[in-house]
Amino acid sequence: MNIEEKDWYASEWYYILYQVNGVWISEGITSIGEALFYDMQTLSEVTIPSTVTEIRARAFENCRKLKTIHFAANSQLQTIGDWAFYNCHNLRSLVLPEGVTTIGDAAFYGCNYLTEITLPSTMQKLADNAFALCPRMQKMYVNALVPPTIDAKTFEDVDRATPVFVPRGTMERYQADTYWSEFFNMAEYDAPSGNLTISADEANGLHKVVRDGQVIILRGDKEYNVMGQAL
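How each quantity is defined
Residues numbered from 1 in each chain as written. Predicted model: local features only at pLDDT ≥ 70, side-chain atom pairs only at ≥ 80, totals over all residues. Heavy atoms only, no water. Pairing = 2+ DSSP bridges. Helix = DSSP H or I, 4+ residues; strand = E, 2+ residues; numbered from the N terminus. Buried < 20%, exposed > 50% of the residue type's maximum accessible area, 1.4 Å probe, protein only. Polar contact = N/O pair within 3.5 Å; in protein donor to acceptor, adjacent residues only side chain to side chain. Axes fitted to C-alpha atoms, helices over the stretch in contact; angles between N-to-C directions. Contact = heavy atoms within 4.5 Å. Salt bridge = Lys/Arg side-chain N within 4 Å of Asp/Glu carboxyl O. Phe/Tyr/Trp six-rings, centres within 6.5 Å; stacked < 30°, edge-to-face > 60°.

**A few points about the pairing of strand E10 (residues 116–119)**
Here is step 1 of the chain: Judged from the 3 bridges that link them, strand E8 (residues 93–95) and E10 form a sheet pairing that is parallel. Looking across to E10, one finds that leucine 94 is bridged to isoleucine 117.
Here is step 2 of the chain: Relative to strand E12 (residues 139–142), E10 runs parallel, the two being bridged by 4 bridges. The residue of E12 that forms the bridge with leucine 119 is valine 142.

Rendered as structure tokens:
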């Protein structure tokens, strides 16, 4: 089941939208449609259920009072579309759930009060301008063992002195990346590993497995425990 864009201007519901403070989307919904909640001036809180796998383009664009996004603990979300949360000025922190792989163009552009983000271990790509014009960013946690692909303007106007925390044992790989390496206050930490699953990066022969509750990187004939101790 999808929630799709509707002709709000032709319905009484359109006028109600400008009085709504919170939106709680029901379980069973799998997709939040394009521009569905566009320009809801009073919306401050949204709860997204576990069954949603995609948030489409412009879904919450220009919801300037949106401050909090709640994701279900067992979220199945994979994709956040282009401009999905564009200009959501009052969003203060963002913790994306495990399973999210892609953030679209300008998805969080202009969230200029955003101070902290956490990206899951499953993150693969942050598109152009994804977090541009977020000048108050104070820290970022990136839990992916393989640095997600980013572009030159993914973090446009984000201070390159902003601390970036990456999983223990992976800093060398982030520092070798063309654009991640621009962040010069990078540090390793014991990133959460409970939701990591077996995966492989065919491009560089890197494999990630969970063994006895520990996250292991396999590369060639070598093994590295990313929780800090080489095996």
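**Topic: the environment of aspartate 39**
Here is step 1 of the chain: Tracing the backbone shows aspartate 39 in the loop between strand E3 (31–32) and strand E4 (45–48).
Here is step 2 of the chain: By relative accessible area, which is 17% here, aspartate 39 ends up buried.
Here is step 3 of the chain: Considering only alpha carbons, one finds aspartate 39 and asparagine 87, 48 residues apart in sequence, at a separation of 9.6 Å.
Here is step 4 of the chain: Within the structure, aspartate 39 has its side chain in polar contact with the side chain of asparagine 62 (distance 2.8 Å).

**Describing the sheet that holds E12**
Here is step 1 of the chain: Strands sit in the order E8-E10-E12-E13-E14 across an open sheet of 5 strands; the sheet is parallel. Each end of this open sheet is capped by a strand with a single partner; those strands are E8 and strand E14 (186–189). Looking at each pair of strands side by side, their axes are set apart by 15 degrees on average, direction ignored.
Here is step 2 of the chain: Bridging between strand E13 (residues 164–167) and E14 involves 4 bridges; their strand directions are parallel. Counterpart to proline 167 in the pairing with E14 is tyrosine 189.

**Some points on the sheet that holds strand E2 (residues 22–24)**
Here is step 1 of the chain: Here 3 strands make up an open sheet; going across it, the order is E2-E4-E6 and the pairing parallel. Edge positions in the sheet fall to E2 and strand E6 (68–71), since each has one partner strand and no second. Shown here is a sheet whose adjacent strand axes are inclined to one another by a mean of 10 degrees, direction ignored.
Here is step 2 of the chain: Both E2 and E4 contribute to a ladder of 3 bridges, which runs parallel. Bridge assignment links tryptophan 24 to a residue of E4, and that residue is threonine 47.

**Section: unusual backbone geometry**
Here is step 1 of the chain: Located in the positive-phi region is alanine 35, a residue other than glycine, with phi close to 60 degrees.
Here is step 2 of the chain: Its identity is not glycine, yet asparagine 129 carries a phi of approximately 65 degrees, on the positive side.

**What about the environment of proline 135?**
Here is step 1 of the chain: As for its position among the elements, proline 135 is in the loop between strand E11 (125–126) and E12.
Here is step 2 of the chain: Each C-alpha atom, one on proline 135 and one on phenylalanine 155, is 9.3 Å from the other, the two residues being 20 residues apart in sequence.
Here is step 3 of the chain: Residues in contact with proline 135, not counting those within four places in the same chain, are Asn112 and Asp157.

**Notes on the environment of glutamate 182**
Here is step 1 of the chain: Topologically, glutamate 182 is positioned in the loop between helix H2 (171–175) and E14.
Here is step 2 of the chain: When its relative accessible area of 35% is taken as the criterion, glutamate 182 is described as partly exposed.
Here is step 3 of the chain: For the pair glutamate 182 and aspartate 159, spaced 23 residues apart in the sequence, the C-alpha separation amounts to 9.8 Å.
Here is step 4 of the chain: A polar side-chain atom of glutamate 182 sits 3.0 Å from a polar atom in the side chain of arginine 160.

**With respect to the pattern of salt bridges**
Here is step 1 of the chain: Counting across every chain of the model gives 4 salt bridges.
Here is step 2 of the chain: One salt bridge in this structure joins arginine 58 and glutamate 61, with 2.6 Å as the shortest N-O distance.

**Regarding the pairing of E13**
Here is step 1 of the chain: Of the pairings in the sheet, the one linking E12 to E13 comprises 2 bridges and is parallel in character. What sits directly across from methionine 140, in E13, is valine 164.

**Things to note about the packing of aromatic side chains**
Here is step 1 of the chain: All chains considered together, the criterion is met by 14 aromatic pairs.
Here is step 2 of the chain: Both rings, one in phenylalanine 155 and one in tryptophan 180, keep their centres 5.6 Å apart while their planes meet at 55 degrees; by these two values the pair is tilted. Placement of phenylalanine 155 in the loop between E12 and E13 and of tryptophan 180 in the loop between H2 and E14 is noted, with a sequence separation of 25 residues between them. Taken as a pair, phenylalanine 155 and tryptophan 180 share a single burial class, namely buried.

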